[in-house]
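So the chains spell out like this:
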Amino acid sequence: MLDYVDRIIVGCWQLSEGHGDSGGRSAFDALEAYYEAGFRVFDCADIYTGVEALLGTFIRANGLSSRELFIHTKYVPDLTTLPTLSPEQTEAAIDRSLSRLGTKRLDLVQFHWWDYRVPGYLGVLDTLCQLQKQGRITEIGLTNFDVERTEEILDCGVPVASIQTQYSVIDRRPAGRLAALGKAHGIPLLCYGSVAGGLLSNHYLSRPEPQEPYENRSLTKYLLMLEEMGDWESFQGLLQVLSDIAEQRGTDVATVASAYCLEQDAVRACIVGVRNTDHLDRHVALRDTVTLTGRELDRIESARSTLGEIPGAVYALERDLGGRHGRIMNYELNSKSA
């Protein structure tokens, strides 16, 4: 399963309409540059407005076959639709992704469910399995599911091909139980957030803590995560260690931070966000040459020890709809992207 996945997956959420200066020709040029550099797996979602259609245009413009480019998309039904979600609605959403991408089969559909208190995710997965048998889906993956629900899903016979999860040197919630589950069942972890929305970068080294209003919702999200585990001063100590390693290797903090994730148990790939070609060379190096030594990993772990751990299971804080993490989420993007 997913034998085509390399160490790096190109994440396309920053190419969605209305995200910064993305969109139009610059977004297309970014896809072209990454493809020419040998990247073959691109990650998107039905809620990333315009991205599935953009990738479909790119595929057609370059005459690419199903084995020359692989698209991982997500099925993320709106929170308000969960109580009444029907098999027909799920099928329509998958057909919409097929139409946007201009393909007959989706390589990987990664399923996300906002609220465990609302029953129905097993029924949706049953529908996805039926669509898989019909040939409209090749593989089924999960996004942001915890160990208990993943075990439940596996017990129901769903052939889970991958688990996409937030993972970084500051967010190690997938370490331990989820990673062990992945190893035991041969399910790779595909990690997003390895640079924590840019916090794990040279940009924030030796700088004061950002103050509100923050630049974007992503920065807000990861600053909240950082607050769960420690203070800005301790974080600066971790950044300095990452910077020292990066300087010795002639690279940058973000590359070292992502390389750290790639060394963790059950991790198959990091999803790196792309808006333009500014970081292309570093992403090539991360894919091809940057592998951390045991000593470097020990130094990072020692620096991490001055910080705590983010509490709870994978994505548990974000699932508290009324909590400070949950309140910043946008739960109704599927209908808006229609």
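Predicted model only: the values in this text are computed from it and were never measured. (Residues numbered from 1 in each chain as written. Predicted model: local features only at pLDDT ≥ 70, side-chain atom pairs only at ≥ 80, totals over all residues. Heavy atoms only, no water.)

1. Brief notes about the packing of helix H5 (residues 147-155) against helix H6 (residues 177-185)
The packing of two helices is summarised by the inter-axis angle and the distance between the axes.
Link 1 in the chain: Across the interface, H5 lies against H6 with an axial gap of 10 Å and an inter-helix angle of 20°. In this view, H5 runs roughly parallel relative to H6, as classed from their interaxial angle. Only Arg-177, Leu-178, Leu-181 and His-185 of H6 make contact with H5, whose side of the interface consists of Val-147, Glu-148, Thr-150, Glu-151 and Leu-154. (Axes fitted to C-alpha atoms, helices over the stretch in contact; angles between N-to-C directions. Helix = DSSP H or I, 4+ residues; strand = E, 2+ residues; numbered from the N terminus. Parallel < 35°, antiparallel > 145°, perpendicular 65-115°, else oblique. Contact = heavy atoms within 4.5 Å.)

2. What about the packing of aromatic side chains?
Link 1 in the chain: Tallied over the full model, the rule gives 14 aromatic pairs.
Link 2 in the chain: Ring geometry for Tyr-35 and Phe-58: centres 6.0 Å apart, planes at 70°, overall edge-to-face. In this pair, Tyr-35 is assigned in helix H1 (residues 24-36) and Phe-58 in helix H2 (residues 51-61), connecting sequence segments 23 residues apart. Taken as a pair, Tyr-35 and Phe-58 share a single burial class, namely buried.
Link 3 in the chain: Centre to centre, the rings of Tyr-75 and Phe-111 are 6.0 Å apart; their planes meet at 25°, and the pair counts as stacked. Of this pair, Tyr-75 sits in strand S3 (residues 70-75) while Phe-111 sits in strand S4 (residues 106-111), and the two are 36 residues apart along the sequence.
Link 4 in the chain: On the basis of relative accessibility, which here comes to 0%, the residue Phe-111 falls in the buried class.
Link 5 in the chain: Here the aromatic cluster, defined as three or more aromatic residues joined through ring pairs, consists of Tyr-75, Phe-111, Trp-113, Tyr-116, Tyr-121 and Phe-145.
Link 6 in the chain: Lying across the ring of Tyr-35, Arg-40 places its NZ or CZ 3.7 Å from the centre. (Phe/Tyr/Trp six-rings, centres within 6.5 Å; stacked < 30°, edge-to-face > 60°. Buried < 20%, exposed > 50% of the residue type's maximum accessible area, 1.4 Å probe, protein only. Lys NZ or Arg CZ within 6 Å of the ring centre and 35° of its normal.)

3. Observations regarding the packing of helix H3 (residues 87-101) against helix H4 (residues 121-133)
Link 1 in the chain: Where H3 meets H4, the axes come as close as 10 Å, and the angle between the chain directions of the two elements is 50°. Here H3 is positioned oblique relative to H4, judged by the angle of their axes. Considering only the axes of H3 and H4, their crossing is right-handed. Counted together, Pro-87, Thr-90, Glu-91 and Ile-94 of H3 and Val-124, Thr-127, Leu-128 and Leu-131 of H4 form the full contact between these two elements.
Link 2 in the chain: Among the residues making up the contact of H3 with H4, the classes are represented as 5 nonpolar, 2 polar and 1 charged. (Left-handed = near helix turned anticlockwise from the far one by under 90°. Nonpolar A, V, L, I, M, F, W, Y, C, P; charged D, E, K, R; others polar.)

4. A look at helix H7 (residues 217-229)
Link 1 in the chain: Counted at 1.5 Å a residue, the expected span for H7 with its 13 residues is 18 Å, and the 19 Å between its end C-alpha atoms agrees.
Link 2 in the chain: Between a side-chain oxygen at the N-terminus of H7 and the backbone nitrogen of Ser-218 the separation is 3.2 Å; the capping residue is Asn-216. (Expected span 1.5 Å × (residues − 1). Polar contact = N/O pair within 3.5 Å; in protein donor to acceptor, adjacent residues only side chain to side chain.)

5. Observations concerning the pairing of strand S8 (residues 267-273)
When a strand is regular, its side chains alternate between the sheet's two faces.
Link 1 in the chain: In terms of burial, S8 is a largely internal element, 5 of the 7 residues being buried.
Link 2 in the chain: Both strand S1 (residues 8-11) and S8 contribute to a ladder of 4 bridges, which runs parallel. Across the sheet, residue Ile-8 finds its bridge partner in S8, namely Cys-270.
Link 3 in the chain: Here strand S7 (residues 189-192) pairs with S8 via 3 bridges, running parallel. (Pairing = 2+ DSSP bridges.)

6. Some details on the sheet that holds S8
Two pairing modes exist for strands in a sheet, parallel and antiparallel, and in both the strands are linked by backbone hydrogen bonds.
Link 1 in the chain: Strand order in the closed barrel made by the 8 strands is S1-S2-S3-S4-S5-S6-S7-S8, with parallel pairing throughout. Strand-to-strand, the axes of this sheet are offset by a mean angle of 30°, without reference to chain direction.

7. Quick notes on the pairing of S1
Link 1 in the chain: Because side chains alternate across S1, one face comprises the buried residues Ile-8 and Val-10, and the other comprises Ile-9 and Gly-11, equally buried.
Link 2 in the chain: One ladder, built from 2 bridges, connects S1 with strand S2 (residues 41-43); its direction is parallel. Note on S2: the bridge partner recorded for Gly-11 is Asp-43.

8. Comments concerning empty space enclosed by the protein
Link 1 in the chain: This structure, assessed with the given rule, holds 1 cavity of 30 Å³ or more.
Link 2 in the chain: Considered as a void within the structure, the largest cavity measures approximately 30 Å³ in volume.
Link 3 in the chain: In this structure, the largest cavity is lined by Asp-46, Thr-73, Lys-74, Tyr-75, Ala-93, Ile-94, Ser-97, Leu-106 and Val-109.
Link 4 in the chain: Put simply, the parts of the chain that give the lining of the largest cavity at least two residues each are S3, H3 and S4. (1 Å grid on protein atoms, 1.4 Å probe; cavity = no way out; pocket = protein on both sides within 12 Å on 5 of 7 lines; lining within 4 Å. Points joined across faces, edges and corners; volume = space filled by probe spheres on them.)

9. Section: helix H9 (residues 253-262)
Note: α-helices contain 3.6 residues per turn, so residues at a spacing of three or four share the same orientation.
Link 1 in the chain: Extensive coverage of H9 is indicated by the burial of 10 of its 10 residues.
Link 2 in the chain: Listed in full, the buried residues belonging to H9 are Val-253, Ala-254, Thr-255, Val-256, Ala-257, Ser-258, Ala-259, Tyr-260, Cys-261 and Leu-262.
Link 3 in the chain: Contacts made by the buried residues of H9 are with S1, helix H8 (232-249), S8, helix H10 (280-288) and helix H11 (294-304).

10. What about the side chain of Ser-258?
Link 1 in the chain: Structurally, Ser-258 is set in helix H9.
Link 2 in the chain: When sequence neighbours within four positions are dropped, the list of residues in contact with Ser-258 reads Ser-194, Val-195, Cys-270 and Leu-286.

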